[in-house]
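Residues per chain are reported as follows:
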Amino acid sequence: MHLKSLTLKGFKSFASATHLRFEPGINAVVGPNGSGKSNVVDALAWVMGEQGAKSLRGGKMEDVIFAGTAGRAPLGRAEVTLTIDNTDSALPIDYTEVSITRRMFRSGESEYEINGTKCRLLDVQELLSDSGIGREMHVIIGQGKLDSVLQAKPEDRRGFIEEAAGVLKHRKRKEKAVRKLEAMGANLNRLTDLTAELR
Ligand code: ATP
């Protein structure tokens, strides 16, 4: 699995449709200060379902929509499409190429699509969750984040690794199941007591 391309339209500084093509392996985005390199990374996180405006370096989610410049009027919507090569079937879907689109309007309304079909945010999150691209987006490391990972306490660092490896989801499910089992055990004990009282 690798990221094939990213198309931005009305997203942050990318007012006109901009298509970026990636190759397998390492890709580098270069450009002068303020030219939009970090906005490309924000677009990647956003299209994969990022919900925190702060993680996208904004105050509110609408800040991702092109706000206008001296020569160009603001736009009413932002749209990003990420195309992923899935020839190795890393994503649990029967397509060799998967496109995810996220669209947002100034009204705050959001839309998601997988291969052109409208879907829920949950569908996008579930599609990506087993690929190591978790909800917490630990695969995207922004400027300064590397320091915070290196300086994190060992248990927090383990959390980052578990999230990226897709283990955290199973640990959370296990903890939930154990809690349910304990509650069930307590109910069983209560039932045994009641049965004994009735005899
Ligand atoms: P550096 O190398 O300094 O980190 P960069 O290439 O990563 O810079 P970005 O932070 O991606 O640059 O882009 C910043 C630019 O994006 C700023 O000029 C900012 O005004 C513009 N920008 C951010 N959000 C919007 C928006 N909603 N509408 C229009 N322009 C925006």
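Each chain has its residues counted from 1, following the order in which its sequence is written. Predicted model: local features are reported for residues with pLDDT of at least 70 only, side-chain atom pairs are reported and counted for 80 or more only, and whole-chain, interface and lining totals are derived from all residues.

## Focus: the sheet that holds strand β3 (residues 77–85)
Quick note on the threshold: We treat two strands as partners when DSSP finds at least two bridges between them. Here a strand is any run of E in DSSP of at least two residues, a helix any run of H or I of at least four, and the numbering for each starts at the N terminus. Only C-alpha atoms enter the line fits that serve as axes; for helices the fit covers just the stretch in contact. Angles between N-to-C directions range over 0 to 180 degrees. Once C-beta atoms have been placed from the backbone, residue pairs whose C-beta atoms lie within 7 Å are recorded as contacts.
Within the open sheet, the six strands sit side by side as β2-β1-β3-β4-β5-β6. Their pairing is antiparallel. This sheet does not close on itself; its edge strands, each paired only once, are β2 (18–21) and β6 (117–119). Direction aside, the axes of adjacent strands within the sheet are offset by 20 degrees on average. Pairing of strand β4 (residues 97–105) with strand β5 (residues 110–114), which is carried by five bridges, proceeds in the antiparallel orientation. Across the sheet, M104 pairs through a bridge with S110, a residue of β5. Helix α1 (residues 37–47) contacts β1 (2–9), β2, β3 and β4 of the sheet and is inclined by roughly 80 degrees relative to β3. Of the strands in this sheet, β4, β5 and β6 are in contact with helix α2 (residues 121–129), which crosses β5 at around 45 degrees.

## Remarks on the site of the ligand
Here is the rule we go by: To decide whether a residue is near a molecule or strand, its C-beta atom is placed from the backbone and checked for lying within 6 Å of it. Polar here means any residue outside two lists: the nonpolar Ala, Val, Leu, Ile, Met, Phe, Trp, Tyr, Cys and Pro, and the charged Asp, Glu, Lys and Arg; Gly therefore counts as polar.
Around the ligand, a shell composed of 14 residues is seen, among which N33, K37, S38, N39 and A67 lie nearest. Among the residues making up the shell around the ligand, the classes are represented as three nonpolar, eight polar and three charged.

## Topic: the UniProt feature "binding site: ATP" (unreviewed entry) in the chain
Under the convention used in this document: UniProt positions are given in the numbering used here, feature names are shortened, and annotations may be inferred rather than shown by experiment. Any residue surrounded by 20 or more other C-beta atoms within 10 Å of its C-beta is treated as buried, while 12 or fewer makes it exposed and the intermediate range makes it partly exposed; C-beta atoms here are placed from the backbone.
The sites that UniProt annotates as "binding site: ATP" (unreviewed entry) are P32, N33, G34, S35, G36, K37, S38 and N39. Inspection of the secondary structure puts N33 in the loop between β2 and α1. Looking at where S35 falls in the secondary structure, it is placed in the loop between β2 and α1. For S35, a count of 12 C-beta atoms within 10 Å corresponds to the exposed category.

## Things to note about the nonpolar core
What counts here: For this entry, the nonpolar core is defined as buried Ala, Val, Leu, Ile, Met, Phe, Trp, Tyr and Cys residues connected by C-beta atoms within 7 Å.
Membership of the largest hydrophobic core comes to 26 residues, with the highest contact counts inside it found for A43, V47, V80 and L82. Looking at this core element by element, the count peaks at five residues for α1. What V47 contacts, discounting residues up to four positions off in sequence, is V80, T81, L82, I100 and R102.

## Quick notes on the packing of helix α4 (residues 154–165) against helix α5 (residues 167–198)
Here is the rule: An angle counts as roughly parallel when it lies under 35 degrees, as roughly antiparallel when it exceeds 145, as roughly perpendicular when it falls between 65 and 115, and as oblique in every other case.
Contact pair α4 / α5: the axes reach a minimum separation of 5 Å and the direction vectors enclose 100 degrees. In terms of their interaxial angle, α4 and α5 are classed as roughly perpendicular. Each of G159, E162, E163 and A165 in α4 lies in contact with α5, whose residues at this interface are V167, L168 and R171. Tallied by class, the residues present in the contact of α4 with α5 amount to three nonpolar, one polar and three charged.

## Quick word on the pairing of β3
Relative to β3, β1 runs antiparallel, the two sharing seven bridges. By the bridge assignment, L8 is partnered in β3 with V80. Bridging between β3 and β4 involves nine bridges; their strand directions are antiparallel. Bridge pairing in β4 places A78 opposite M104.

## What about α4?
At 3.6 residues per turn, the α-helix brings residues three or four places apart onto the same side. Test applied: A helix is expected to span 1.5 Å multiplied by its residue count minus one.
With 12 residues, α4 should cover 16 Å at 1.5 Å per step; its first-to-last C-alpha distance of 16 Å lies within 8% of that length. G166, located one to two residues past α4, shows a positive phi value of around 80 degrees.

## So, the environment of L91
Position of L91 among the secondary structure elements: in the loop between β3 and β4. A residue is classified by how many C-beta atoms lie within 10 Å of it, and L91, with 20 of them, is buried. Sequence-wise, L91 and R120 are 29 residues apart; in three dimensions their C-alpha atoms are separated by 17 Å. Those residues within four positions of L91 in sequence are excluded, and the remaining contacts are M1, I84, N86, V98, L127 and S131.

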